[in-house]
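Structure assessment
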Amino acid sequence: MSRQQSAEVGGGEESDGGPGLLYMPFVVMEDLLDKLKLLDYELEFVSELKMRPLNRHYFVIQTNPGEQFFMFTSLASWLVRKTGKQFEQPQEFDDPNSTISNILDHVRKMGVTIDFAPSKLKQGFGEQAIFVLDRLADEALRAAQFAWNTPIPPDEEGQEDEEIEDDAEVNLDRVEEDMAAEYSEEEEGDILHIDDLSNYPVKERGGSGTTTERERPDHIMESHTDAEMWRLEVERVAPSLKVTVRVDSRNWRSHLEQMHSYRSGIEESLTSTKNQLDKLQAEIAKTLEKISSREKYMNSQLEVQLNEYRQLSQVLAQTKEQYKQVSSGVTERSRLLAQITDDIETAKTEMEDRGSSMTDGSPLVNIRKSLARVKTEITAMDVRIGVVEHTLLQARMKDRSNMQRDLHQAVTDHHMFNDSY
C-alpha cells in the first residue's frame, strides 16, 4: 500500500509534487473500495441498510451533495462500528454538525491528525471525505486482524517460452551465416581458405613408421548427386532443422539490446512528432495572435457601449439600494398598520359589548330578583334569630331557677348542720 501512504490527502491542500497529485484521490478511492470489499460491505452495509453499491469514483466527483453526505455519514458510522465501538446510525434529518463532530472524535481517538475544517465534510465528497473513510477502513481491517500478504506474480513462463520460440525460430541458412560471421571476426586467423589448400602439404604415415608428404591434388572434386533430389530432400528436412534459441529473461545483454531498440524507436518517433508539434505550436501562436488582435479591435469598437454599460450598472446598483431602504420603511409601516388595526378591532369589540349591555334590561331584572331573594332570606333569618333568642332566654331562666334551688338547698343543709351541733 505504498501509493496510499504516499498520498496523504487529509490536508486538502495541493503541494508542489507534480501534476499526478490531482488524480491521487481517484487512486485512493479505488483502494478504499477494495478495502470495503474486504470488509464485506456489500453484504453487511449495502444489503442490510438497502444502500446502493458505490462506484470507483463516488466520493471524488460531485453528483448529489445531499445523497453523498448521507452515504458518507452512514458508511463512516458502519466503519466505526466495525472497529468495535458504539455509534448510532445517522438519519437524514440529524444535525450535520453534530454528526461530523462525532465522526471526527472517533478518528482523533485513533491517533489521526485532522488538519482541515470540519465544514469541508458537509459536501459529502472530496479529498477530506475520502481521507476519513480510508483511515476508518484501515482501523476496521486492523480490528478484524486482516494482514496484507506478499503479492505472488503469475507464472508466465509458458507464454514467454512460446513468444520466445516464435521469435527465435530461424532457418539453417541464417544460423550458418551468423556462425560464419562470428568465426570470421573471432577466429579469422585460424581458418584456412580453400585457395590456400592448393599448396598445403599432406603428411601420411607409412607402414614402416616413416612419414611421407604429398601435395593436394589439383583436380576439382565433383558430386554425382542429383540436384533435384537434393532440393526435395532439403525441403523435406528443413522444418526439422529449425533451431530454437532460449533467451534468459534475466540476461542483461538482452535488456541492453531492448533498451537500445526502444531508444532508437523513441528517437525516430520524436523526430516526426517534434516537427508536427512545432507546426502545431506555430499554428496555435498564430491563432492566439489573431484572437488577441480581434479582441483588441472589438474592445476599441465597443468602448462606448462598455462605458454606458458601466454607468447603467452603477445606476442599477444605486436604485437597488434605494429600493432596499424603501422596502425596509414599507415593512416597518406595514407592521405598525397591522398593530393599529388590531387595536381598533379591540376597541370596537369593547364598544359593542358596552352598548349591548346598556340597551339590555336583563341586568335590571336580575337585580330585582336578587333583591327579592335577599329580602326573603332576611325574613327567614329574623325568624331564626327570634327562635334562637327565645331558646336562649328559656335556657337562662332554667339556669337561674336551678341556681336558686341549689342555693336554697345549700342554705338548708347549712342550718341543719349547725342545729346538729
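Residues numbered from 1 in each chain as written. Predicted model: local features only at pLDDT ≥ 70, side-chain atom pairs only at ≥ 80, totals over all residues. Heavy atoms only, no water.

**Some points on the overall build of the protein**
For the protein, the helix and strand inventory stands at 12 helices and two strands. Ordered by position in the sequence, the α and β elements of the protein form the string α-α-α-α-α-α-α-α-β-β-α-α-α-α. Counting the 421 residues in the protein, one finds 16% classified as buried. When contacts within the protein are restricted to residue pairs at least 6 apart in sequence, long-range pairs at least 24 apart make up 59% of them. Surface accessibility of the protein: about 34,500 Å² in total, with carbon and sulfur atoms responsible for 54%. (Helix = DSSP H or I, 4+ residues; strand = E, 2+ residues; numbered from the N terminus. Buried < 20%, exposed > 50% of the residue type's maximum accessible area, 1.4 Å probe, protein only. Contact = heavy atoms within 4.5 Å. Areas by Shrake-Rupley, 256 points an atom, 1.4 Å probe, with all protein chains shown as cover.)

**Describing the side chain of Thr-99**
When you line up the elements, Thr-99 lands in helix H5 (residues 96-109). Among the polar contacts listed, one links the side chain of Thr-99 to the backbone oxygen of Asp-95, at a separation of 3.0 Å. Every residue in contact with Thr-99, bar those within four places of it in the chain, is listed here: Thr-73, Pro-90 and Asp-94. (Polar contact = N/O pair within 3.5 Å; in protein donor to acceptor, adjacent residues only side chain to side chain.)

**Some words on the nonpolar core**
Counting residues in hydrophobic clusters, the biggest one holds 41 residues, and the most contacted among them are Leu-54, Phe-59, Leu-75, Leu-79 and Val-132. Excluding its chain neighbours within four sequence positions, the residues that come into contact with Leu-54 are Leu-33, Leu-36, Tyr-41, Phe-59, Met-71 and Leu-75. (Core = buried A, V, L, I, M, F, W, Y, C linked by side-chain atoms within 4.5 Å.)

**A look at the pattern of salt bridges**
Applying the stated criterion across every chain, the model contains 12 salt bridges. Here Asp-138 ties to Lys-35 by a salt bridge, and the two come within 2.5 Å at their closest N and O atoms. Highlighted residues: Asp-138 in helix H6 (residues 127-143) and Lys-35 in helix H2 (residues 24-38), separated in sequence by 103 residues. Taken together, the shared-partner salt bridges in this structure form one network comprising Lys-35, Asp-134, Arg-135 and Asp-138. (Salt bridge = Lys/Arg side-chain N within 4 Å of Asp/Glu carboxyl O.)

**Quick notes on the confidence of the model for the protein**
The share of residues in the protein with pLDDT of 70 or more is 76%, and the mean pLDDT across the chain is 77. pLDDT under 50 marks residues 1-16. Its contacts with residues more than four places away, or in other chains, come to 29 contacts. (pLDDT = per-residue confidence, 0-100.)

**Structural notes on a negative patch on the surface**
On the surface, a cluster of negative charge is contributed by Asp-342, Asp-343, Glu-345, Glu-350, Glu-352 and Asp-353. The exposure class of Glu-345 is partly exposed, given its relative accessible area of 44%. (Patch = residues over 30% accessible without salt bridge, like charges linked within 9 Å, V, L, I, M, F, W, Y side chains within 5 Å. Lys, Arg positive; Asp, Glu negative; His and termini not counted. Charge placed at Lys NZ, Arg CZ, Asp CG, Glu CD.)

**Comments concerning the packing of helix H4 (residues 65-82) against H6**
The interhelical angle for the contact between H4 and H6, taken along N-to-C directions, is 25 degrees, at an axis separation of 8 Å. When the axes of H4 and H6 are compared, the pair comes out roughly parallel. The handedness of the crossing between H4 and H6 is left-handed. Across the interface between the two elements, Phe-72, Leu-75, Ala-76, Leu-79, Val-80 and Lys-82 of H4 pack against Ala-129, Val-132, Leu-133, Leu-136, Ala-137, Ala-140 and Ala-143 of H6. For the contact of H4 with H6, the class distribution of residues is 12 nonpolar, no polar and one charged. (Axes fitted to C-alpha atoms, helices over the stretch in contact; angles between N-to-C directions. Parallel < 35°, antiparallel > 145°, perpendicular 65-115°, else oblique. Left-handed = near helix turned anticlockwise from the far one by under 90°. Nonpolar A, V, L, I, M, F, W, Y, C, P; charged D, E, K, R; others polar.)

**Side note on the packing of H2 against H6**
Packing of H2 against H6 leaves a shortest axis separation of 10 Å and a crossing angle of 35 degrees. For H2 against H6, the interelement crossing comes out left-handed. For the pair formed by H2 and H6, the contact residues are Pro-25, Val-28, Met-29, Leu-32, Lys-35 and Leu-38 on the first element and Glu-127, Ile-130, Leu-133, Asp-134, Ala-137, Asp-138 and Leu-141 on the second. A breakdown of the residues in the contact of H2 with H6 according to their chemical character gives nine nonpolar, no polar and four charged.

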